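# Descriptive structure summary
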Amino acid sequence: MKKGYFGDFGGCFVPELLMPPLLEVEEAMQKIMPTAQFRAELDDLLHSYAGRETPLTLCPNLSQKLGFTLRLKREDLLHTGAHKINNTLGQALLAKYMGKSALVAETGAGQHGVATAAAAARLGLQCTIFMGADDVTRQASNVCRMRLLGAKVHPVHSGTRTLKDAINEALRFWIRSQESTHYCFGTAAGPHPFPTLVREFQSVLGQETRKQMLAATGRLPDAVVAAVGGGSNAIGMFAPFIHDPEVRLVGVEAAGTGEAGCYNSAPLNLGTDGVLHGNFTKLLQTADGQIEPSHSVSAGLDYPGVGPEHAYLHATGRAEYGMANDAQALNAFQVLCHTEGILPALESSHALAYVLEHPQAFPAGGEVVVNLSGRGDKDMDIVRHALSLEDL
Ligand SMILES: *Cc1c(COP(=O)(O)O)cnc(C)c1O
């Protein structure tokens, strides 16, 4: 395959001024990441700071209802509440080895911003976060967390004042500050080498799942299921199983309200080919190429593009991509709370919803793993409002 491409997808469509820092990251990936010293230092951070390895939890009550064994990979138990810390610790440590003194990052709902700020504080790096002005208002508590962790948060007033504009602004900042600063990109998208870099740091969750399944059952799962926003938790789960054809790889996109023609966050199912944020992929756009607004009840899935490796796995058929809508995700959220005593993030609830809505798609008596990418505490206001549980 051509360097930086996954079939036809991927690449590096950026202004010339961004090529030197991207090449520097690519070189660091090749020279620093494989060294024993880097691996050992990252493994220690993941273990003693972030809380790896995370459990693979059997769900006895749901399994009985579904007719197959359901297990959850518990990324919700990690420090800062989601899988994002796997990536930010990896990139922050890489930045240190590269001799950088600062990180810049974009954030939408604020989860990646919080995970970046925490990693930067821990490793003694300065931290600048760009966030759409509307998101700064909507996600005030995450803005507070980032500032407490020592980050400078810049509201972005251009465009739709959301994630896509924050990414554009962070890339511009990186052009000016590339001597001192690494861009800690938040998902397995963006220009090469970010889709590969982020996949490598998130693959730990699939590697652990593989080992834990073999230890618990002596076999691999029939299917692994993960929610797809930009695609980092899903590709981290899929990558270690890609060469095991007996393991189905199931990604779940957010269908929004689910009404015909509604705004959604499902570019693989409902989008078309195009370039966004430096890579050729599937995205939500009008016939004349204007990016369309996305929507999901879960802020972390609310992105009009998707990582190029997912576009490739979709095109080749190696992975399947279903959808779950807002109401189905809210239902799955409640089901998991009631039956297993776990409050999932609304993002992860989409992955679970797909399994609950399509039990016949999985083999009776089989083994299914859902990646519980994060915890739901951050979503309490949305859930309370959506379910009209005003007296909760
Ligand atoms: C950000 C986020 C996602 C979506 O991002 P991916 O890059 O697609 O993984 C999913 N789940 C949680 C809990 C998140 O915070």
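Scoring rules and cut-offs
- Residues numbered from 1 in each chain as written.
- Predicted model: local features only at pLDDT ≥ 70, side-chain atom pairs only at ≥ 80, totals over all residues.
- Heavy atoms only, no water.
- Helix = DSSP H or I, 4+ residues; strand = E, 2+ residues; numbered from the N terminus.
- Expected span 1.5 Å × (residues − 1).
- Buried < 20%, exposed > 50% of the residue type's maximum accessible area, 1.4 Å probe, protein only.
- Near = heavy atom within 4 Å.
- Polar contact = N/O pair within 3.5 Å; in protein donor to acceptor, adjacent residues only side chain to side chain.
- Areas by Shrake-Rupley, 256 points an atom, 1.4 Å probe, with all protein chains shown as cover.
- Nonpolar A, V, L, I, M, F, W, Y, C, P; charged D, E, K, R; others polar.
- Salt bridge = Lys/Arg side-chain N within 4 Å of Asp/Glu carboxyl O.
- Pairing = 2+ DSSP bridges.
- Axes fitted to C-alpha atoms, helices over the stretch in contact; angles between N-to-C directions.
- Contact = heavy atoms within 4.5 Å.
- Parallel < 35°, antiparallel > 145°, perpendicular 65-115°, else oblique.
- Left-handed = near helix turned anticlockwise from the far one by under 90°.
- Core = buried A, V, L, I, M, F, W, Y, C linked by side-chain atoms within 4.5 Å.
- Domains from an automatic or database assignment.
- Right-handed = clockwise from strand over helix to strand, strands pointing away.

Attention now moves to helix α8 (residues 163-177). Given 3.6 residues per helical turn, the α-helix brings residues three or four places apart onto the same face. The first and last C-alpha atoms of α8 sit 21 Å apart over 15 residues, in line with the 21 Å expected at 1.5 Å per residue. Those residues of α8 not exposed but buried are L163, K164, D165, A166, I167, A170, L171, F173, W174 and S177.

Neighbouring residues of the ligand: 16 residues in total, closest K84, T187, G231, S232 and S373. A distance of 2.5 Å separates an oxygen atom of the ligand from a polar atom in the side chain of T187. Compared with its free state, where it exposes 380 Å², the ligand has 97% of that area covered by protein. Grouping the constituent residues of the shell around the ligand by class yields 4 nonpolar, 10 polar and 2 charged.

Under the counting rule described, the total for this entry stands at 23 salt bridges. A salt bridge links K100 to E24; its shortest N-O distance comes to 3.0 Å. Of this pair, K100 sits in the loop between α4 (84-97) and β5 (102-107) while E24 is found in helix α1 (residues 19-31), placing the two residues 76 residues apart along the sequence. Notably, a salt bridge pairs E347 with K378, separated by 2.8 Å at the nearest N-O pair. Here K378 lies in the loop between β14 (367-372) and α15 (380-386) and E347 lies in helix α14 (residues 346-357), a separation of 31 residues in the sequence. By relative accessible area, K378 is classed as partly exposed at 30%. One network of salt bridges, with partners in common, ties together R52, K73, E75 and E208.

Next up on the list: the sheet that holds strand β6 (residues 126-132). Sheet architecture is open: 4 strands sit in the order β7-β6-β5-β8, paired in parallel fashion. Each edge of the sheet is formed by a strand with only one pairing partner; in this case those strands are β7 (152-156) and β8 (181-183). Averaged over all pairs of adjacent strands, the angle between their axes in this sheet comes to 25°, without regard to strand direction. Packing against the sheet, helix α5 (residues 111-123) makes contact with β5 and β6, and its axis sits at approximately 165° to β5.

What follows concerns the pairing of strand β10 (residues 248-254). Among the 7 residues of β10, 6 are classified as buried, and the element is accordingly described as predominantly covered. Sheet analysis places strand β9 (residues 223-227) next to β10, joined by 5 bridges and oriented parallel. Bridged to V225 within β10 is V250. Note that β10 and strand β13 (residues 319-324) share 6 bridges and pair parallel. When the bridges of β13 are listed, E253 appears paired with M323.

As a further point, take the packing of helix α2 (residues 36-50) against α4. Remark: α2 packs on α4, axes separated minimally by 10 Å, with the N-to-C direction vectors making an angle of 140°. The angle between the axes of α2 and α4 places the two elements in the oblique class. Crossing of α2 against α4: the hand is right-handed. In this structure, α2 uses Q37, F38, E41, L42, L45, L46, Y49 and A50 to contact α4, whose residues at the interface are I85, N86, L89, G90, L93, L94 and Y97. In terms of residue class, the contact of α2 with α4 is made up of 11 nonpolar, 3 polar and 1 charged.

Across soluble globular proteins, nonpolar side chains have a tendency to be buried as a group. Counting residues in hydrophobic clusters, the biggest one holds 59 residues, and the most contacted among them are F38, L89, L94, W174, Y183 and L197. When residues are assigned to domains, this core turns out to be shared by domain 1 (13-46 + 84-194) and domain 2 (52-81 + 203-386), each giving three or more. Those residues in contact with F38 that sit more than four places away from it in its chain are I32, M33, G90, L93, L94, Y97 and F201. In this structure, L62, A223, A353 and Y354 belong to the second largest nonpolar core, which totals 27 residues.

Now for the pairing of β6. Most of β6 is tucked away, with 6 of its 7 residues classed as buried. Where β5 meets β6, 6 bridges bridge the pair, whose relative direction is parallel. Across the sheet, the residue bridging to A105 is I129, located in β6. Crossover connection from β5 via α5 to parallel β6: handedness right-handed. Note: β6 against β7, 5 bridges, orientation parallel. Note on β7: the bridge partner recorded for T128 is K152.

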